[in-house]
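# Working through the structure, step by step
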Amino acid sequence: MRRIKKCTVFVLLLCLLLNLAGCASAQKPLRVTLVLKTETDVAEFWGMLLSGVEKAAEEYGIELKVLTAPTEVDIERQIALIRQTVEEKPDVMILSAADYDRCAEATEEAVAAGIGVVAVDTDVNAVGRACYVGSNNYQIGLEMGRAMADYLPEGGKVAVIQHMLTTTTGIERTRGVLDALNEAGNIDILGSFCCDNSTEQARAITTELLSADPEIRGFVCTNEVCNVGAANALADLGMGGQVFVVGCDNSQRQIQFLEQNIIQAIVTQRPFNMGYMAVQQAVRVANGEQTDDFVEVACVLITRENMYTQENQKLLFPVLG
């Protein structure tokens, strides 16, 4: 009888321990690693995106780790960070890929290891990545190209300053710009010139192009970095307002140039929303829920004429809660 009682007590204790272990497992926070393609101080966009990620991670009780390559052109470093993430095995990796193709193999290794993958801002050509959260970059390019064509009803020479040749943002925005400028029918497209996501290179490219051909009427710039670089060059040359500049993103420097008529229009993204929504999708992926392949974060074209409307002021000067 005592032996039976001892066995019963042992079974009850074992069940209790298993239940406690189950509760501890249920309370274990979701582990998410964010792998960025560049340091956040390179552009205000990245600081805003990271703020969105951190806000959502706090609200969802997520254990967040952030890994960052020093610059966008240091693709091998980012690939190493992706493989480091595979070894650490978080539940989900949120990735902003510096190279659509070259980052694919390491990303597929993460998928094979059972790590959910959410792409943010830039996509990756990896089989099995769950979803992409970002802007419609081809549409951004069309918006920029059409805005430039509107500024040049009689036509003229236009150059495109492209931030990267390897990212979907650089590739798709440039394709959209060129399609829109070609549709206009009266624009002489001088080509696209890559600045490797460097403000100084964009500044130098703009200066050199204007020196070689003073008849250039416009520059379309595919992100904050090259937009500020081109505007800096025009400010240096005292040509603000004489040559049209259309860009993307909404840093404080871009807004100043917009007010000064050195930049005439910018397509404004919502990087805070982008980061927040990427975490939301990461939670869905970790829970085994179905996600859309593309989760779009809408953009708005802002010009000197409409920048002071109440709605656009909210976009240009977002308040982080």
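A brief structural summary. Everything numeric here is computed off the predicted structure, so don't read it as measured data.

The next subject is the overall build of the protein chain. Of regular secondary structure, the protein chain possesses eleven helices and twelve strands. A total of 321 residues make up the protein chain; the buried ones form 50% of that total. Once local pairs closer than 6 in sequence are excluded, the contacts in the protein chain between residues at least 24 apart make up 72%. Entry remark: accessible area of the protein chain is about 14600 Å², with carbon and sulfur atoms responsible for 51%.

The biggest cluster of nonpolar side chains holds 29 residues, and the ones touching the most others in it are L49, I62, I94, V118, V133 and M274. Among the secondary structure elements, those contributing two or more residues to this core are β1 (31-36), α2 (44-59), β3 (92-95), β4 (116-120), β5 (131-134) and α10 (271-286). Not counting residues up to four positions away in its chain, the partners in contact with I94 are V32, T33, L34, V35, V118, V120, A278, V279 and A282. C195, C226, A230 and I266 belong to the second largest nonpolar core, which has 27 residues in total.

Before going further, it helps to examine unusual backbone geometry. The phi torsion at K89 lies on the positive side, around 50°, for a residue other than glycine. Tracing the backbone shows K89 in the loop between α3 (75-88) and β3. Positive phi, normally seen in glycine, also occurs at D121, with a value near 70°. In this structure, D121 sits in the loop between β4 and β5.

Let us now look at the pairing of β1. Counted residue by residue, β1 has five buried out of six residues, so it is predominantly covered. Where β1 meets strand β2 (residues 63-68), six bridges bridge the pair, whose relative direction is parallel. By the bridge assignment, V35 is partnered in β2 with L67. At this point the chain moves from β1, through α2, to the parallel β2, and the crossover so formed is right-handed. Two elements, β1 and β3, share four bridges in a ladder whose sense is parallel. Residue T33 lies in a different strand from β3, and its bridge partner there is M93.

What counts, and at which threshold
- Residues numbered from 1 in each chain as written.
- Predicted model: local features only at pLDDT ≥ 70, side-chain atom pairs only at ≥ 80, totals over all residues.
- Heavy atoms only, no water.
- Helix = DSSP H or I, 4+ residues; strand = E, 2+ residues; numbered from the N terminus.
- Buried < 20%, exposed > 50% of the residue type's maximum accessible area, 1.4 Å probe, protein only.
- Contact = heavy atoms within 4.5 Å.
- Areas by Shrake-Rupley, 256 points an atom, 1.4 Å probe, with all protein chains shown as cover.
- Core = buried A, V, L, I, M, F, W, Y, C linked by side-chain atoms within 4.5 Å.
- Pairing = 2+ DSSP bridges.
- Right-handed = clockwise from strand over helix to strand, strands pointing away.

Such coordinate-based values are descriptive only and should not be taken to indicate function.
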